[in-house]
Amino acid sequence: MARASKREEIAQAALEQFRVRGFTATGISDITAAAGAPKGSFYNHFASKEESALEALSRYADGLRFDMLDTPGRPALERLRAHFEFLGADTVDNGFARGCLAGNLGAELADHSEEIRSAVQDGFQRWAMYIRQVLAEAQEAAELDAALDVEEAALFILSAWEGTLIAARAGKSAAPFDAFFRMVFDVLLR
């Protein structure tokens, strides 16, 4: 009788381990132990730890709730704020132990893995595009100053968010989130 595939469990465990421990500190044995799978089964599904990190990035992006940014019937800036509140709550609810996987892998591996660097860059460009679309919609609805360069603002907001996550995790404090929301929504996007 054939054994059931453990790919799903291994892929999900890799995502969680990379979010909590980082790429370098996570071993294959950490991933398989968290998945409840034999160590050798990892290589039945992934050619390398790097390949599993690429899968983890894709899964992480699926959980970022980009759908919140285009929910009909809600003002654009409210949707943008709700998106970042959702992401911030995840960090706080997990005891500041998990940040943005894309930011973490980008900082850790951009100089060492072209494939991961490229995937992280693509992910950030996609996220900035969603933010840019929301800002443009807010301008069209006269919720936002028409003179604001939405492309630059989207890049700034995303970059500020990534820094906020690092500061919140380093200080084990929600204060950086409070500063982010005040500066972005009460100053920049007012």
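What you are looking at is a predicted structure, and each value in this text was computed from that prediction instead of being measured.

**Section: the domain arrangement of the protein chain**
Alright, step 1. Domain annotation for the protein chain reports domain 1 (2-52) and domain 2 (63-188).
Alright, step 2. Of the roughly 910 Å² buried between domain 1 and domain 2 on both sides combined, carbon and sulfur atoms contribute 49%.
Alright, step 3. Three residues, Arg19, Phe23 and Glu50, lead the burial of domain 1 against domain 2; their summed loss comes to 64% of the area buried on that side.
Alright, step 4. Between the two partners, domain 1 and domain 2, sit two salt bridges.
Alright, step 5. The tally of links from domain 1 across to domain 2 stands at six residue pairs in polar contact (both at pLDDT 80 or more).
Alright, step 6. Tallying contributions element by element places helix H1 (residues 7-21) first for the side of domain 1 that touches domain 2, with five residues.
Alright, step 7. Within the side of domain 1 that touches domain 2, the residues separate by chemical class into five nonpolar, two polar and three charged.

**A short note on the pattern of salt bridges**
Alright, step 1. This model, assessed by the stated rule, comprises twelve salt bridges.
Alright, step 2. Asp90 is the salt-bridge partner of Arg19, the closest N and O atoms lying 2.9 Å from each other. Pair noted here: Arg19 is in helix H1 and Asp90 is in helix H5 (residues 76-93), with a separation of 71 residues, a long-range link.
Alright, step 3. When its relative accessible area of 21% is taken as the criterion, Asp90 is described as partly exposed.
Alright, step 4. Between Glu78 and Arg74 there is a salt bridge, with its nearest N and O atoms 3.4 Å apart.

**Concerning the packing of H5 against helix H9 (residues 175-188)**
Alright, step 1. Closest axis-to-axis distance for the H5/H9 pair is 11 Å, and the angle between their directions is 170°. Relative to H9, the element H5 lies roughly antiparallel. Between H5 and H9, the residues in contact are Leu77, Leu80, Arg81, Phe84, Glu85, Gly88, Thr91 and Val92 and Phe177, Phe180, Phe181, Phe185 and Asp186, respectively.
Alright, step 2. For the contact of H5 with H9, the residue count by class is eight nonpolar, two polar and three charged.

What counts and what doesn't
- Residues numbered from 1 in each chain as written.
- Predicted model: local features only at pLDDT ≥ 70, side-chain atom pairs only at ≥ 80, totals over all residues.
- Heavy atoms only, no water.
- Domains from an automatic or database assignment.
- Buried area = accessible area lost by both parts, 1.4 Å probe.
- Salt bridge = Lys/Arg side-chain N within 4 Å of Asp/Glu carboxyl O.
- Polar contact = N/O pair within 3.5 Å; in protein donor to acceptor, adjacent residues only side chain to side chain.
- Helix = DSSP H or I, 4+ residues; strand = E, 2+ residues; numbered from the N terminus.
- Nonpolar A, V, L, I, M, F, W, Y, C, P; charged D, E, K, R; others polar.
- Buried < 20%, exposed > 50% of the residue type's maximum accessible area, 1.4 Å probe, protein only.
- Axes fitted to C-alpha atoms, helices over the stretch in contact; angles between N-to-C directions.
- Parallel < 35°, antiparallel > 145°, perpendicular 65-115°, else oblique.
- Contact = heavy atoms within 4.5 Å.

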